Amino acid sequence: MAVTATHGAAPGKDWVIVTRQIKREYDMGGEIVRALRGVDVAIRRNEYVAIMGPSGSGKSTLMNLIGCLDTPNEGEYWLNGMLVSDMSDDELARVRNKEIGFVFQTFNLLPRASALQNVELPLVYAGVSADERRKRATEALERVQLGQRIHHRPNELSGGQRQRVAIARALVNRPSILLADEPTGNLDSTTSEEIMRVFEELAQQGQTVVMVTHEPDIAAHARRVVVLRDGVLASDESREQFIARVGLTHASH
Ligand SMILES: Nc1ncnc2c1ncn2[C@@H]1O[C@H](COP(=O)(O)OP(=O)(O)O)[C@@H](O)[C@H]1O
Ligand SMILES: [Mg+2]
């Protein structure tokens, strides 16, 4: 049975994300893959939510829709009160640049550029002046405790530090949502905890965070855990409910 995780939300300023029966199918040469089969989820401003589920359950498809990289075949998606499911690619790109900060499993940093230059990049595209870029990129790096490493290149940083540069880059445009797809997928467990501490701190500062993961231990760091299974929502729980149900023994919260 599919779960509705909308809590009676109306699209608007308190609810950053509202989806209504969104569906996404892929046509694989005549064979239809139904990646999302009608998902209702709403996320409030300042929430810290994990979207969890096994491989193939539709997590990345949902994250691409939420992040305005893709649009649903059916259903509505409202982001900050704007109906984005019907937008053209140009409109979508504009909304994406303004509202979404992405963090990926593979960091996606430019190897020959310093931490500072990597974090400045979104501001270059946004047409921000060089002085302002440097100021805002430095602040973003300080927020992730990398103020002492701004001139290091990725290969001069640890995996956790690289991911923190990527988080700073995602934050530098002051997005409504920090959206992370398997952010600890390439990190060992100690470094994963380091990244989870950064997310926790950002959430405490009021940043809306949506994290996609297949790992229950990682999901248990969020304040709310939504589980996807076969393209539908299977549960929507608080951290405490989730931890109690799946029986995590070493959750750190
Ligand atoms: N671009 C695509 N083309 C065809 N099928 C896809 C595409 N992206 C995802 N799928 C399929 O949709 C389903 C959900 O995939 P995905 O959202 O990547 O799951 P997850 O991130 O949870 O592992 C899978 O069956 C996958 O094979
Ligand atoms: Mg995925």
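- As recorded by an unreviewed UniProt entry, the chain carries the name Macrolide ABC transporter ATP-binding protein and is attributed to Gemmatimonas phototrophica.
- The UniProt entry for the chain carries the following text under Sequence similarities (unreviewed entry): "Belongs to the ABC transporter superfamily. Macrolide exporter (TC 3.A.1.122) family."

1. Here we look at the sheet that holds strand β3 (residues 48-52)
- Spatially, the six strands line up as an open sheet ordered β6-β7-β8-β3-β9-β10, and their pairing is mixed. Because the sheet does not close on itself, it has two edges, and the strands there are β6 (100-104) and β10 (232-238). For this sheet, the mean inter-axis angle between neighbouring strands, taken without regard to orientation, is 15 degrees.
- As defined by bridge partners, β3 adjoins strand β9 (residues 224-229) across four bridges and the pair is classed as parallel. Bridge pairing in β9 places V49 opposite R224.
- Across the sheet, helix α1 (residues 59-66) is in contact with β3, β6, β7 (177-181), β8 (208-213) and β9; its angle to β7 comes to roughly 155 degrees.
- Relative to the sheet, helix α8 (residues 239-246) contacts β3, β9 and β10, its axis offset from that of β10 by approximately 110 degrees.

2. A word on the pairing of β6
- Judged by how many residues are buried, β6 sits mostly within the fold: four of five residues are covered.
- Of the pairings in the sheet, the one linking β6 to β7 comprises five bridges and is parallel in character. The residue of β7 that forms the bridge with I100 is I177.

How each quantity is defined
- Residues numbered from 1 in each chain as written.
- Chains lettered and ligands numbered in written order.
- Predicted model: local features only at pLDDT ≥ 70, side-chain atom pairs only at ≥ 80, totals over all residues.
- Heavy atoms only, no water.
- UniProt positions renumbered as here; feature names shortened; annotations may be inferred.
- Pairing = 2+ DSSP bridges.
- Helix = DSSP H or I, 4+ residues; strand = E, 2+ residues; numbered from the N terminus.
- Axes fitted to C-alpha atoms, helices over the stretch in contact; angles between N-to-C directions.
- Contact = heavy atoms within 4.5 Å.
- Buried < 20%, exposed > 50% of the residue type's maximum accessible area, 1.4 Å probe, protein only.

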